[in-house]
Amino acid sequence: MEAVVSSIAEGIVGRLGSEAVREIALLWGVNEELIRLEETISTIKAVLADAEKKQIHNDQVKTWLSRLEDVVCEVDDLVDGISTEALRRQVMTSNTHIAKQVCTFFSTSNQLVFRHKMSHKIESLKKKLAVIRDDRQFHLEEHHGEAQPVYNRAVRDTHSFVSKGEVVMGRDGDRMKILQLLLDTKSDHENVSVVNIVGQGGLGKTTLARLVFNDEKIEKHFDLKMWVCVSDADFDVRLLVQKIIKSISNNEKVENCEMELLQKSLRKKISGKRYLLVLDDLWNDNRELWLKLKDLLLNGIDGSRIIVTTRSMVVARITKTTLEPYLLGNLDDDESWSLFKKMAFTEGQEPNNSNIIQIGKEIVKKCKGIPLAIRTIGRMLYSKDRETEWLSFHKTEFSKISQDDSDILPTLKLSYDCLTSNLKHCFSYCSLFPKDHYINVENLIKLWMAQGFIKASDANQSLEDMGREYFMELYWRSFFQEVEEDEFGNIDYCKMHDLMHDLALKVAGAKCAMLPSDKKDIDRRARHLSFDFPLKSSQQIPISLSQTANRIRTVLLPSQQREGYALRESLQLCDATFSNFKLLRSLDLHDSGLTTLSNSIGKLRHLRYLDLSGTKIKALPNSITKLQNLQTLKLSRLGEFKEFPRDMKKLISLRHLEFLGVRDLRHMPSGLGQLTNLQTLSYFVLSKGTNLRHGCGDHVAELKELMPLNSLRNLCITNLRHGKTDGKAANLKAKQYLQSLELDWSSSNDRKDLEGAMESTSTDEYEMTLESFEPVPNLKKLVLEGYGGVRLSSWVFSLKQLVSFSLSNCIKCQTLPPLDQFPSLKELSLSNMPLVEYISDDFFTPSNVASLMPSLEVLNLADLSNLKGWWRDTVTDGTSESTTMPSSSMFLYLPRLSGSRIEGCPKVKFLPFSPSIAHLTLESSTWMPFHRTMMSIRTEETSLSSSSSSTPSSTQLIASSFSHLVSTLKYLWLCNIDDDLHSLPNWFKSLTSLRGLSFDGCSKLKHLSPIIQHLVSLRELYIIRCNELDMSNAEVISWKACKSLVSLSFISLPRLETPPEGLQYFTTLQELLFFDCKNLKAIPEWFSNLTSLTNIDLKECPNLTSLPEGIRSITSLQTLRIWGCPILLRRCKREKGEDWPKIAHIPGLDFGPLDDSESSSVSGSSKWKIFNNFRVPQLCNK
């Protein structure tokens, strides 16, 4: 555990200097005491940067810092309390009645008692600090300003030599790609290009660079080769030039040379030469320093290369020339196991003991493909007894292993040591999440904010934006991985590698405690706490937790499940436990089953983050409005929540008010406009039966409350149907940060309800309302629900940066805006718009095809009953001729489209085509156009190849992209195709890249053979409601060819009496589902051939009578679920049923009720939880 104190001290000094704190200090009569405290903190702060650097190798300094950290945190809590009082006073003095109470409190009699207590507390802390400050027997340098990144200079050096005996696995492909980047000079735009190799510590960047550096082709291609390890903290250009010269001529004396002589010597040595320079382990993120070095390296001839190895994409961006950084990946399972064998077994030979092999593979799996981790663990296990010690090690976390200089954690810790103080806090805080946990990035930033880790660089930058920069810095430095992006391209989820998690645990030490279910004692030094198990009862909370109540700042439930357990002691949980933690800044009780939030929540005056999502709470106590520090309040998925407390306006620090899925809100609280820090407001709910232009009561917010909320990022206004609305009152034009706008008039998705609602309001009123809600032009997402106008407002056309556009239930709308006005549009969704005939009101021209929507990735069209095409068929090109493009050839070419779903469009005659399409959903109305297209492709391809025309037709353009389509299409769902699909057409053979295939409601489909055997990449197959499908033994040959299948589902198949015999050849199958197969009677003995099965689900198969004996031998089976199979359930009854011995070995058994009397105790959601565990596609309307 390493203490990180400098950023805390800096925050204390900053707050003590604020005007609000000074004013409170004067009122309390403790101003002089606080000034002296600030002076003491400032004196200590000056040496903290040096102390944090030296503690890496000096235990005496580390102990001193640890003692100091405890007292500094006490001071921080004190100062935070004073800041809180300043906020409280700001709220109270805004109310005349309460202001009188304030004056009474600060009367002479009250003030004397309070001043004495506060003065004594401040003086006590100052003395503690002074004692620790003076009690050090070592020298520390003073630094003024933010601590700079620190490197551990002595830990690591590298070299270019590759031993013949060095084992390198899985890097041949990477080596060849790097070689190509070094040797190919055709695309060079400057004489020296940089090849960046980027990846987290331990992946083998240096090893890969050495392999390339010593390759024979490199030896022949380059005139000069140089290798320099750049692991020093300061990017010292002079020192680097010395190292480069020494790499060229080791005997040259350069240590005492001036910079002028050094640069002349270097430029002379590389002049006229094609050189290769490796800068290994580069950390510098200062572009100016990099350019100073690079300027000295431009004397080489064309084709010269610099290889940079780094863990940071920041460094890669700074040093990048024309070549994109090369991201080095992890080893796959086979490569990892091969490397481990070389390290752990004598002469790399596997032992005969299968248990040892199994343990070894599980250990390797934990290493997640990081070569350095595999090497370290493998070499250590080589000297251990396999029979007794390997299993013990397997159960030991890597953070508990003693490590030498070549181990992975010291290597990874180099990245940590160079972080600023704030970033160190942010990273170590992540140890509160379990391993392999998907971390919500926005949520993480809010938690960092709550703890005060984030410091804005200037007054104009929000804490959230600065927090996003913090996260990106850590991400680029490889502390996070496996990121997922939202629709705007922002990272919204990430993971930490297990080894990075171990590092976080190591550096956090006792300050962050993640409690397993069996741990009863909590380290008294803990300040941040998370539960590594679902919290079901307050009895699971250790009694020892109360002993740390005066220190705990965080309580998180990262492992809590969404079902929400009903805590028997829910009220006491908050009252008796967490409400005593007066210093809490983050409290997470999501999905905990709480039914009531106690008034005692108002005592947690330091609280900044409160998550009550998914609980059973119906209302919030008004005492919550005492939390003047509260920044984030999460109330999503509160099904019975009706209204907010009246005094919500007192939460003056509130920045994020989240209540997604809370659809029963009656109104918004009045005074909402006073919360000017708000960035997140899930909905703004307008009230029923009122003139929305003038408001509707003292405690109900009017639309004009939105006017001052100019920091909002997303806004959804609902219940617009309730009256005339002047959107200008919301002042959307002033909301420069607004990214997403949703306007909702809908009361229902039912056509009659929509028509009834729209009859009460004229189309002109709808159009005037929409016009009044004009937002900023840089809006990225627009959603209109239940809009009753005939046409859209003109401002919609001006949204040039629109990324997502959705129109739903706009049943009177006849025309759409010209979509070519939205060059950045990635997602388009149109549903239930019966009057729309064409997407574009233009006529078709060949130029339309070429210029249409270059960024579109997702297209969803549903229930457009009159939609005929994208363009009108007839076109006049400006000459006397008029041409008509046949409707059957109206195929839409969208270059970046990756997913499309078209349903409920019976008149449509076009289909989306793209060389990038990966997901495609078709139903009855679009199947035949698609089929005819695929049938005619070969003809069009022939026509294209023989055509002399330089301008191909649109169908030839589609034909030319067909080869791309068959190679990129990964998932195809065919739904509700009644008459046109009897067997798979011949062109299906071409879909060799298909990974997922679903037939749903294809009522005439009779055979899958022989075509299905050509789908060699198929991994998931769903057969749903195909009443005529013949699954007889005639299909055996076809089934044999499906050697990649992992998941297979049979759903609602009345003719299925026994599983297809060919199923026994699916040796790769892991998941198998039979659902609603009423005539399924038996599962055959050959089931034992399915040796890879991990999950079997049997649901609503009432005639299924028994399980085969062979199920005993399927040792891979982890889960068996049986629901709605009464005969089978009786036979599988625990300890008593005839089939119980066959399944007793399966770890996860999930049985439904035997009869209706038992089913009453089972929730509806539980009956259908089978679908939470199976990836059944929900893409078609049933």
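All values derive from a computational prediction rather than experimental measurement. (Residues numbered from 1 in each chain as written. Predicted model: local features only at pLDDT ≥ 70, side-chain atom pairs only at ≥ 80, totals over all residues. Heavy atoms only, no water.)

### Things to note about the sheet that holds strand β6 (residues 439-440)
Ordered in space as β6-β8-β7, the three strands form an open sheet in which the pairing is antiparallel. Of all strands in the sheet, those with a lone pairing partner are β6 and β7 (481-485), marking the two edges. Pairing geometry for β7 and strand β8 (residues 491-495), over three bridges, is antiparallel. The residue of β8 that forms the bridge with Q481 is K495. (Pairing = 2+ DSSP bridges. Helix = DSSP H or I, 4+ residues; strand = E, 2+ residues; numbered from the N terminus.)

### Section: the packing of helix α3 (residues 31-54) against helix α4 (residues 59-92)
Packing of α3 against α4 brings their axes to within 11 Å, and their N-to-C directions diverge by 145°. Regarding α3 and α4, the two cross each other, and that crossing is left-handed. Each of L34, L37, I41, I44, V47, L48, A51, E52 and K54 in α3 lies in contact with α4, whose residues at this interface are V61, W64, L65, L68, V75, L78 and I82. Here the contact of α3 with α4 is composed, by residue class, of 14 nonpolar, no polar and two charged. (Axes fitted to C-alpha atoms, helices over the stretch in contact; angles between N-to-C directions. Left-handed = near helix turned anticlockwise from the far one by under 90°. Contact = heavy atoms within 4.5 Å. Nonpolar A, V, L, I, M, F, W, Y, C, P; charged D, E, K, R; others polar.)

### Brief notes about the sheet that holds strand β3 (residues 275-280)
The parallel open sheet is built from five strands, whose spatial order is β2-β3-β4-β1-β5. The outermost strands of the open sheet, each flanked by one partner alone, are β2 (224-229) and β5 (326-327).

### Some remarks on the packing of helix α14 (residues 333-344) against helix α15 (residues 354-366)
For the pair α14 and α15, the least separation of the axes is 10 Å and the interaxial angle reads 115°. Viewed along their axes, α14 and α15 form a crossing whose handedness is right-handed. Between α14, through S336, W337 and F340, and α15, the contact on the second element is made entirely by I357, G360, K361, I363 and V364. When its residues are assigned to classes, the contact of α14 with α15 shows five nonpolar, two polar and one charged.

### Focus on the pairing of β2
Of all six residues making up β2, six are buried, and the element is well covered by its neighbours. Residues L224, M226 and V228 of β2 are buried on one face, and the alternating residues K225, W227 and C229, pointing to the opposite face, are buried as well. Examined bridge by bridge, β2 and β3 share six bridges and lie parallel to one another. Paired with L224 across the bridge in β3 is Y275. (Buried < 20%, exposed > 50% of the residue type's maximum accessible area, 1.4 Å probe, protein only.)

### Regarding the packing of aromatic side chains
Applying the stated criterion across every chain, the model contains 23 aromatic pairs. With a centroid separation of 5.9 Å and an interplanar angle of 35°, the aromatic rings of W927 and W987 are classed as tilted. Taken together, the residues span a long stretch of sequence, with W927 in helix α27 (residues 924-946) and W987 in the loop between β29 (971-975) and β30 (996-1000) at a distance of 60 residues. The exposure class of W927 is buried, given its relative accessible area of 1%. Ring plane angle 70° and centroid distance 5.8 Å describe the contact between W973 and Y1022, whose orientation is recorded as edge-to-face. Residue W973 is located in strand β29, and its partner Y1022 is located in strand β31 (residues 1020-1024); the two are separated by 49 residues in the primary sequence. Given the relative accessible area of 0%, Y1022 is considered buried. Ring-pair connections join several aromatic residues into one group, and the members of that group are F641, F644, F659 and Y683. The ring of W337 has K361 sitting right over it, with the charged end atom 5.5 Å from the ring centre. (Phe/Tyr/Trp six-rings, centres within 6.5 Å; stacked < 30°, edge-to-face > 60°. Lys NZ or Arg CZ within 6 Å of the ring centre and 35° of its normal.)

### Considerations on the side chain of Q560
Within the element layout of this structure, Q560 appears in the loop between β11 (554-556) and α23 (570-577). One polar contact links the side chain of Q560 to the main-chain carbonyl oxygen of D591, over a distance of 3.2 Å. (Polar contact = N/O pair within 3.5 Å; in protein donor to acceptor, adjacent residues only side chain to side chain.)

### Some details on the environment of S711
In this structure, S711 sits in the loop between β16 (680-685) and β17 (714-718). Remark: the alpha-carbon pair of S711 and Y737, spanning 26 residues in sequence, is separated by 6.1 Å. The residues contacting S711, other than those within four sequence positions of it, are T676, N677, L678, Q679 and Y737.

### Here we look at helix α10 (residues 237-248)
Across its twelve residues, α10 extends 17 Å between first and last C-alpha, which sits within 8% of the 16 Å expected from 1.5 Å per residue. When α10 is considered as a whole, its buried residues turn out to be V237, L240, V241, Q242, I244 and I245. Residues of α10 that are buried in the fold lie against β2, α11 (259-270), β3 and α12 (287-295). The N-capping residue of α10, defined by a side-chain oxygen 3.1 Å from the backbone nitrogen of R238, is D236. (Expected span 1.5 Å × (residues − 1).)

### Considering unusual backbone geometry
With a phi angle near 60°, N809 is a residue other than glycine that sits in the positive phi range. N809 gets classed as buried once you look at its relative accessible area, which sits at 3%. In this structure, S1052 is a non-glycine residue whose phi angle is positive, near 55°. Here S1052 lies in the loop between β32 (1047-1051) and β33 (1071-1075). The class for S1052 is buried, based on a relative accessible area of 16%.

### Here's the deal with the pattern of salt bridges
Throughout the structure, instances matching the rule amount to 51 salt bridges. The partner of R527 in a salt bridge is D70, and the shortest N-O contact between them spans 3.6 Å. With R527 in the loop between β9 (512-515) and β10 (528-531) and D70 in helix α4, this residue pair connects regions lying 457 residues apart in the sequence. The class of R527 is buried, set by a relative accessible area of 7%. The class of D70 is partly exposed, set by a relative accessible area of 28%. (Salt bridge = Lys/Arg side-chain N within 4 Å of Asp/Glu carboxyl O.)

### A look at the environment of L1120
Note on placement: L1120 falls in strand β35 (residues 1119-1123). A sequence separation of 23 residues divides L1120 from D1097, and the C-alpha atoms of the two residues are 6.0 Å apart. Every residue in contact with L1120, bar those within four places of it in the chain, is listed here: I1096, L1098, L1107, I1143, I1146, G1148, L1149, D1150 and F1151.

### A closer look at the environment of T207
As for its placement among the helices and strands, T207 is situated in helix α8 (residues 205-213). Between the alpha carbons of T207 and V168 there is a distance of 8.0 Å; along the sequence they are 39 residues apart.

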